[in-house]
Structure formats: structure tokens, C-alpha cells
Amino acid sequence: MEPRLLYSLAADAILMVHAAFVVFVILGLALTLIGKRRAWQWVRNPWFRLTHLVAIGVVVLQAWLGALCPLTAWEMALREKAGDVVYTDSFIAYWLHRLLYYQAPAWLFLLVYTLFGGLVLLSWIWIRPRPFGRQGHRDAKPNQLSRREAQTHSDVLEAPGVHLRPTQPSDFAFVCTAESAPENRRNIELWSRADHLACIDREDCSHLIIEDDEAEPVGYVILQGLTSAERDMLLRRIVITRKGEGIGRRAVEAIIRLCFDTLGFRRLWLEVHADNTSARQLYERLGFRVETVHQSDTAPSAMVRMALLAGDHQSETPPEPPASP
Ligand SMILES: CC(C)(COP(=O)(O)OP(=O)(O)OC[C@H]1O[C@@H](n2cnc3c(N)ncnc32)[C@H](O)[C@@H]1OP(=O)(O)O)[C@@H](O)C(=O)NCCC(=O)NCCS
């Protein structure tokens, strides 16, 4: 191949990388904003957000220093060697150039880049990335529920403002603090860290953290019986730390969808203290019926067993209407 043509191709390749960089910077912020509304967990991935922040940071810094982007410098050098003056021979080069290097005063570029960089910085406050090393439910290591049909579950275990993800050992401080808070511990049995760890490791259990839109933990839930041959799932425990905001309701609704619509279970059941009015009301409103009431050996008040059966649950995807004759 002719060296001039090679230089020209290399310059086109750099131009495309440059365009991809610009698209990443612009789309990165747009998708982060859309992701907040649509509760996409990946927009809170700290590596994605850091890369994006560094990318716009470099652009802003260059603009303030009045330096030429190295990609532009390399491209121009290659074009000079290739003898390219105009871009009539390359459709991509012509259009990318028109898009990337449109004419405007330098101060306008400086202003736009700075404002854009400011917006990206602000998005770190408004749409907080997860701390490094903590995994969201979409990119968590497979465990418990996510081991089976992980993708389906991640979609199901979401509701507006409520996201459920597998509990990690780093969440235990939150779990134990929530559990031992006076307003919670009178209604549930206190577990040690070791109990929670053992639960995470059990094949038939799912230990999930409930997060809000800001990826802040606002509760946790424990499901049991995932491997039950009878297709009976036990809602072993739910604790919400920000009460009265509808989080408990939305979390239990997500669990109901998971239990019946996704996993095809037959029954979802639980036991609640007879005097735990708020929890009982929550379950009743979601269609749970009392099955038995019995005196517990460990709890001072009676325990009420409540259950929701597959037949009583209104699936969100109604069955197909019968074909017309
Ligand atoms: C029970 C619990 C999970 C409810 O979570 P929550 O996020 O506060 O509940 P929500 O805001 O979603 O409310 C949902 C429904 O619960 C009921 N409810 C919630 N708080 C209530 C209260 N203080 N009094 C009466 N009913 C209440 C209502 O029926 C409410 O429906 P409504 O908003 O239409 O009136 C939460 O209070 C909690 O963690 N309690 C301590 C631990 C516990 O008891 N767990 C259950 C063990 S079985």
C-alpha cells in the first residue's frame, strides 16, 4: 500500500477515535441522567463514572490551558504526511471534521466545556455512584437468586425508588444496626453476623439489600425456600429503616412478582407477630390471608402465619385472551 494512503487511513482512524471520545463524553452524561429516571443500576458504576469524569476533566483542562488535543495534533501530522488538504476523498473524515471542528470563538468552547464539566461534577452529587468495591445487583457476583436467572431477577427486583441487590459481607454493619434498632428488634428475632453470613451462603436463601435511587441502603429482606420442591417461598424477614414512605410496600410487591411471575412459585408465606400492626396491614393490603395463629415458644405475642397463593395474585402479564372462534 502507498505510504500516503497509509498515513491518510491512520489519520481517519484517529479522527474516529476522537469522535468516539466526544460521543462517550456527551452520551455518558445524557445516559446518566436518563438512568436516574429509569433506575438503571449501571449508571452508578463507579468505574464508568470515574472514566467519564476524567474524560471531561481532560477536555476542560486542555481548554483552560489553551493546549491542542493530542489526538488533533497526531491527526494533523499524519494528514500533512499524507498530503491531505481537504476531505473530499473520505466521506467519514469530511463529516467527522465538520462535526468536531466547527468554527466558533475560543471563549465559547471554553464556556461550553466548563459548563458541561460542571454538570458532570454535579451529577456525582445528584446521581451518586456506588462506592468502589460495592456491587449493584446488575453487576453483582452471582449468588443466591442471581445465581439462577440473574438477568430476569434484576429486572423484577426493581420498582420506582426501590432496588434490591444481593447482600455483601460489607453490608453487615448496616443490616445488624437496622436489626437491633429498638423499633425493629421487638418485631424480629435478632441474628448475629454469623447468622446472616450463613444465610448468604445457603442455597435456598436470598439475602437482599433494599436501596433507594441514590443507592443508599434503606432496608433488607431475607427469602427462604428457593429450592423448595413444593414451590413455597418464605418471606423470612423484611426491615425498612426509612419507614412510612412506601418502600416496604414496593419491596414486597417486587418480591411477589419474583415469587409468582418470575419463579412460578405456588405460595408466598410469612410469620408476623400478632401485635405488629404496621406489618400485618402491609401484608393484608397486598393480598396475604391469615392461615393460622399460634403461640410462639420464643416470642411473647402470638405469631400469625399469612400467605399469598399464586391463584390470588394478579399477574402483571395477563393471560392471552382465548382465540376467537
Ligand atoms: C413493616 C415494615 C416493613 C413496613 O415498611 P414501610 O416502608 O414502613 O411501609 P410502607 O410505607 O410501604 O407502608 C405500606 C403499608 O404498611 C402499612 N403501614 C406502614 N406503617 C404503618 C403504621 N405505622 N401503622 C399502620 N400501618 C402501617 C400500611 O398499610 C401501609 O399502606 P398505606 O401507605 O397504603 O397506608 C417496616 O415498618 C419495618 O421495617 N418494621 C420493622 C420490622 C418488621 O416489623 N418487619 C416485618 C416482620 S414480619
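Conventions used here
Residues numbered from 1 in each chain as written. Predicted model: local features only at pLDDT ≥ 70, side-chain atom pairs only at ≥ 80, totals over all residues. Near = placed C-beta within 6 Å. Helix = DSSP H or I, 4+ residues; strand = E, 2+ residues; numbered from the N terminus. Nonpolar A, V, L, I, M, F, W, Y, C, P; charged D, E, K, R; others polar. Expected span 1.5 Å × (residues − 1). Buried ≥ 20, exposed ≤ 12 C-beta atoms within 10 Å, placed from the backbone. Arc of directions from axis to C-beta. UniProt positions renumbered as here; feature names shortened; annotations may be inferred. Pairing = 2+ DSSP bridges. Contact = placed C-beta atoms within 7 Å. Axes fitted to C-alpha atoms, helices over the stretch in contact; angles between N-to-C directions. Parallel < 35°, antiparallel > 145°, perpendicular 65-115°, else oblique. Left-handed = near helix turned anticlockwise from the far one by under 90°. pLDDT = per-residue confidence, 0-100. Right-handed = clockwise from strand over helix to strand, strands pointing away.

## With respect to the site of the ligand
Surrounding the ligand, one finds 22 residues, the nearest of these being Lys243, Gly248, Arg249, Ser278 and Leu282. Mapped by element, the contributors of at least two residues to the shell around the ligand are strand E5 (232-240), helix H10 (247-262), strand E6 (267-273) and helix H11 (277-285). Broken down by element, the residue count for the shell around the ligand peaks at six residues, all from H11. Partitioning the shell around the ligand into residue classes produces nine nonpolar, nine polar and four charged.

## Overview of helix H3 (residues 70-82)
One turn of an α-helix holds 3.6 residues; hence residues three or four places apart share an orientation. In this model H3 runs 18 Å from its N-terminal to its C-terminal C-alpha over 13 residues, within 8% of the 18 Å that 1.5 Å per residue would give. Taken as a whole, H3 has its buried residues at Glu75, Leu78 and Arg79. What you see down the axis of H3 is that its buried residues fit within an arc of 100°, all on one side. Exposed and oriented more than 90 degrees from the buried face of H3 are Pro70, Ala73 and Glu80. Two residues or fewer past H3, glycine 83 is found with a positive phi of approximately 80°.

## Some details on the UniProt feature "transmembrane region" (unreviewed entry) in the protein
When the UniProt feature table is mapped onto this chain, "transmembrane region" (unreviewed entry) is found at residues 13-35, 47-67 and 106-127. Counting secondary structure, residues 13-35 comes out at 100% helix and 0% strand; the distance between its end C-alpha atoms is 31 Å. Within the segment residues 47-67, helix and strand shares are 90% and 0% respectively, and the terminal C-alpha atoms sit 27 Å apart.

## Details of unusual backbone geometry
Even without glycine at this site, alanine 215 takes up a positive phi of about 65°. Position of alanine 215 among the secondary structure elements: in the loop between strand E3 (206-211) and strand E4 (217-224). Phi is positive for arginine 231, which is not a glycine, with a value near 60°. By secondary structure assignment, the location of arginine 231 is in the loop between E4 and E5.

## Remarks on the sheet that holds strand E8 (residues 302-309)
Hydrogen bonding along the main chain pairs the strands of a sheet, whether they run parallel or antiparallel. Spatially, eight strands are ordered E1-E2-E3-E4-E5-E6-E8-E7 in an open sheet, and the strand pairing comes out mixed. Here the strands that pair on one side only, and so sit at the sheet edges, are strand E1 (158-159) and strand E7 (289-295). Alignment of E3 against E4, held across six bridges, turns out to be antiparallel. Looking at E4, one finds that serine 206 is bridged to leucine 223. Packed onto the sheet, H11 meets E6 and E8 and runs at close to 160° relative to E6.

## Brief notes about the packing of helix H2 (residues 46-65) against helix H5 (residues 106-126)
Running from amino to carboxyl end, H2 crosses H5 at an angle of 155°, the nearest separation of the two axes being 9 Å. Of the possible angle classes, the one that applies to H2 and H5 is roughly antiparallel. For H2 against H5, the interelement crossing comes out left-handed. Contacts from Arg49, His52, Leu53, Ile56, Gly57, Val59, Val60, Ala63 and Trp64 in H2 reach Phe109, Leu110, Tyr113, Thr114, Phe116, Gly117, Val120 and Trp124 in H5. When the residues that make up the contact of H2 with H5 are grouped by side-chain class, the tally is twelve nonpolar, four polar and one charged.

## Some thoughts on the confidence of the model for the protein
Predicted coordinates in areas of low pLDDT are best not read in detail. In this model, the protein carries an average pLDDT of 83, and 82% of its residues clear a pLDDT of 70 or more. Predicted confidence for residues 137-144 stays below pLDDT 50, and this span has 26 contacts to residues more than four positions away or in other chains. Here residues 146-152 scores under 50 on pLDDT; set against residues more than four positions off or in separate chains, the count is seven contacts.

## As for the pairing of E5
Residues in a regular strand point their side chains to alternate faces of the sheet. Of the strand pairs in this sheet, E4 and E5 are connected by six bridges, and their pairing is antiparallel. Bridge assignment links glycine 219 to a residue of E5, and that residue is isoleucine 240. Here E5 runs beside E6; their pairing, made up of three bridges, is parallel. Paired with aspartate 232 across the bridge in E6 is arginine 267. The parallel pair E5 and E6, bridged by H10, forms a crossover whose chirality is right-handed.

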